[in-house]
Amino acid sequence: MALQLKKTVVMVGMMGAGKTAIGRAVADVLGVPFMDSDEEIVRAAQMEISEIFERDGEGFFRDREHEVISRLLEEGPCILSTGGGAFLAERNRDVISEKGVSVWLRADLELLWSRVRHKDTRPLLRTPDPKATLTELLTARQPHYQNADLVVDSREDYSIPDMAERVVGCLKTRPDVIENK
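Residues numbered from 1 in each chain as written. Predicted model: local features only at pLDDT ≥ 70, side-chain atom pairs only at ≥ 80, totals over all residues. Heavy atoms only, no water.

### Describing the pattern of salt bridges
1) Next: With the rule as written, the count across this model stands at 16 salt bridges.
2) Next: Its salt-bridge partner being Lys6, residue Glu179 comes within 4.0 Å of it at the nearest N-O pair. Here Glu179 is found in strand E7 (residues 178–180), whereas its partner Lys6 is found in the loop between strand E1 (3–5) and strand E2 (8–12), with 173 residues between them in sequence.
3) Next: Its relative accessible area of 29% is what places Glu179 among the partly exposed residues.
4) Next: Residue Lys6 is classed as partly exposed on the basis of its relative accessible area of 39%.
5) Next: A salt bridge links Arg91 to Asp63, with the nearest nitrogen and oxygen atoms 2.7 Å apart. Of this pair, Arg91 sits in helix H5 (residues 90–99) while Asp63 sits in helix H4 (residues 58–74), and the two are 28 residues apart along the sequence.
6) Next: Of the residues examined, Arg91 reaches a relative accessible area of 36% and is grouped as partly exposed. (Salt bridge = Lys/Arg side-chain N within 4 Å of Asp/Glu carboxyl O. Helix = DSSP H or I, 4+ residues; strand = E, 2+ residues; numbered from the N terminus. Buried < 20%, exposed > 50% of the residue type's maximum accessible area, 1.4 Å probe, protein only.)

### Focus: helix H6 (residues 109–116)
1) Next: For H6, every residue scored as buried is listed here: Leu109, Leu111, Leu112, Trp113 and Val116.
2) Next: Tucked inside the fold, the buried residues of H6 contact helix H7 (130–145).
3) Next: N-cap assignment for H6: the residue whose side-chain oxygen lies 3.2 Å from the backbone N of Glu110 is Asp108. (Contact = heavy atoms within 4.5 Å. Polar contact = N/O pair within 3.5 Å; in protein donor to acceptor, adjacent residues only side chain to side chain.)

### Quick look at the state of the cysteines
1) Next: As enumerated under the stated definition, the model contains zero disulfides in all.
2) Next: Among the cysteines around Cys170, which has no disulfide bond, Cys78 carries the closest sulfur, lying 18 Å off.
3) Next: On the accessibility criterion, Cys170 (18% relative accessible area) is buried. (Disulfide = S-S within 2.5 Å.)

### Re the packing of aromatic side chains
1) Next: Tallied over the full model, the rule gives two aromatic pairs.
2) Next: Both rings, one in Phe53 and one in Phe61, keep their centres 5.0 Å apart while their planes meet at 40°; by these two values the pair is tilted.
3) Next: Ring centres of Trp104 and Tyr145 lie 5.8 Å apart, and the angle between their planes is 35°; on these two criteria the pair is classed as tilted. Of the two residues, Trp104 is situated in strand E5 (residues 100–106) and Tyr145 in helix H7; the sequence distance between them amounts to 41 residues. For the pair formed by Trp104 and Tyr145, the shared burial category is buried.
4) Next: Across the ring face of Phe60, the terminal group of Arg64 is positioned such that the distance to the ring centre comes to 4.5 Å.
5) Next: Positioned above the aromatic ring of Trp104 is the side chain of Arg106, whose terminal nitrogen or guanidinium carbon lies 5.2 Å from the ring centre. (Phe/Tyr/Trp six-rings, centres within 6.5 Å; stacked < 30°, edge-to-face > 60°. Lys NZ or Arg CZ within 6 Å of the ring centre and 35° of its normal.)

Below you can see the structure in the form of structure tokens.
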């Protein structure tokens, strides 16, 4: 029995939560496109997000991010991965709630740290104490992520296919989002 996605699923959560990897796997399972709002911004601007922040500032970036998320939500059902800060903005939460469904990939600090500590691609963690910075970000962002429509918990022993299966299982609880065909 095939599953039909009726609205866009927006993956939200912290850096290292697996929004991109799990989002791609969920898209494969459901046979729908996978989109990444950060990748779309980079493609349109023809520069990296860190360069946009440096040249034009965070406010400019957040405006472009909102425009991209809004546009992608209009393009038909897909799996959409967003940057870790996107769901903090009320305007993004509102448009996601109106046109899609948000799934918070919830992961604890130690799991997130184990995934991001060896990467230098996280501009927000380029601080003297990156783990403390990650802790502060997680604490500050959790109240916003709690506004997500659905929550799927990550664990270190879950593989990407395991997590994709858990996300699809969670989506199946919402007949307005997914149905058997």
